[in-house]
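Observations on the three-dimensional arrangement
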Amino acid sequence: MVGVTGASGAIYAERLLREAAKHFDEVLAIVSRHALSVFETERGRKAQPPLTTDALLGESLPQVRFLEEGDYFTPPASGSYRHDGMVIVPCSMGTAGRIANGVSDNLMTRAADVCLKEGRPLVLVVRETPLSLVHLRNLTRLAEAGATVLPAAPAWYNRPSSLEELADTVVARILQRLGVEHKILPEWAEE
Ligand SMILES: Cc1cc2nc3c(=O)[nH]c(=O)nc-3n(C[C@H](O)[C@H](O)[C@H](O)COP(=O)(O)O)c2cc1C
């Protein structure tokens, strides 16, 4: 499961979806309407529902299936649906706050809530700066409830030569957290 919100960092979602499509038979994606505005601003692609990977990501990824943000009649709304985990990337403070407080007001927050109650991996790639005490308390609640709070904090030590390479330093950590063997970046010991 991949959720995409309207926090800055659409490139992280783009790179993760592309990589996830190589490793999983199916990737269910939920994209908030604010995320679509951020995609247009940051990536220059204006995509409208019903979404396609061509419109949103600029390439065809048949493994990725988009679900409507408001549609609860879909598998991830139910705890009986088993999946490998959910990543929300990038994750806004609004969405993080709603999940932290059990406000399941759309499919994204409901699916995340289901992950917490079922003990499934939930990785929140949060992005905001600076963080208020409200943000910090919400993130603490999420960590206490079992989520992984993985800030979109890219690493510079490999001297990335493009935005994509820089974004991939975060994507590599997400995949690592899900136990996915990937070849995006060399591990520290190999460098
Ligand atoms: C260009 C742009 C960048 C934004 N960046 C952030 C951000 O980094 N973090 C954040 O929490 N909200 C950010 N926002 C605000 C969120 O989009 C807004 O709070 C929205 O309600 C989030 O809704 P969603 O979580 O349902 O996508 C940004 C908005 C815009 C238009």
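Residues numbered from 1 in each chain as written. Predicted model: local features only at pLDDT ≥ 70, side-chain atom pairs only at ≥ 80, totals over all residues. Heavy atoms only, no water.

1. So, the site of the ligand
This is how it is decided: Here a residue is considered near a molecule or strand provided that any single heavy atom belonging to it is located within 4 Å of it. Polar contact is defined as a pair of N or O atoms within 3.5 Å, subject to the rule that within protein one atom must be able to donate a hydrogen and the other to accept it, and that residues adjacent in sequence are counted only when both atoms are side-chain atoms. All accessible areas in this document rest on Shrake-Rupley with a 1.4 Å probe, and a residue is counted as covered only by the protein chains that are shown. We count a stretch as a helix when DSSP gives it H or I for four or more residues in a row; a strand needs E for two or more, and each element gets its number in order from the N terminus. Basically, the charged four are Asp, Glu, Lys and Arg, the nonpolar ten are Ala, Val, Leu, Ile, Met, Phe, Trp, Tyr, Cys and Pro, and anything else, Gly included, counts as polar.
Around the ligand lies a shell of 13 residues, among which Gly6, Ser32, Ser92, Thr95 and Arg127 are the nearest. Methionine 93 is positioned with one of its backbone polar atoms (N or O) 2.8 Å from an oxygen atom of the ligand. Threonine 95 is positioned with one of its side-chain polar atoms (N or O) 2.5 Å from an oxygen atom of the ligand. Burial of the ligand by the protein amounts to 68% of the accessible area it has alone, namely 640 Å². Broken down by secondary-structure element, the contributors of at least two residues to the shell around the ligand are helix 2 (33–43) and helix 4 (93–100). Per-element accounting of the shell around the ligand gives the leading share, 3 residues, to helix 4. Of the residues contributing to the shell around the ligand, the split by class is 3 nonpolar, 7 polar and 3 charged.

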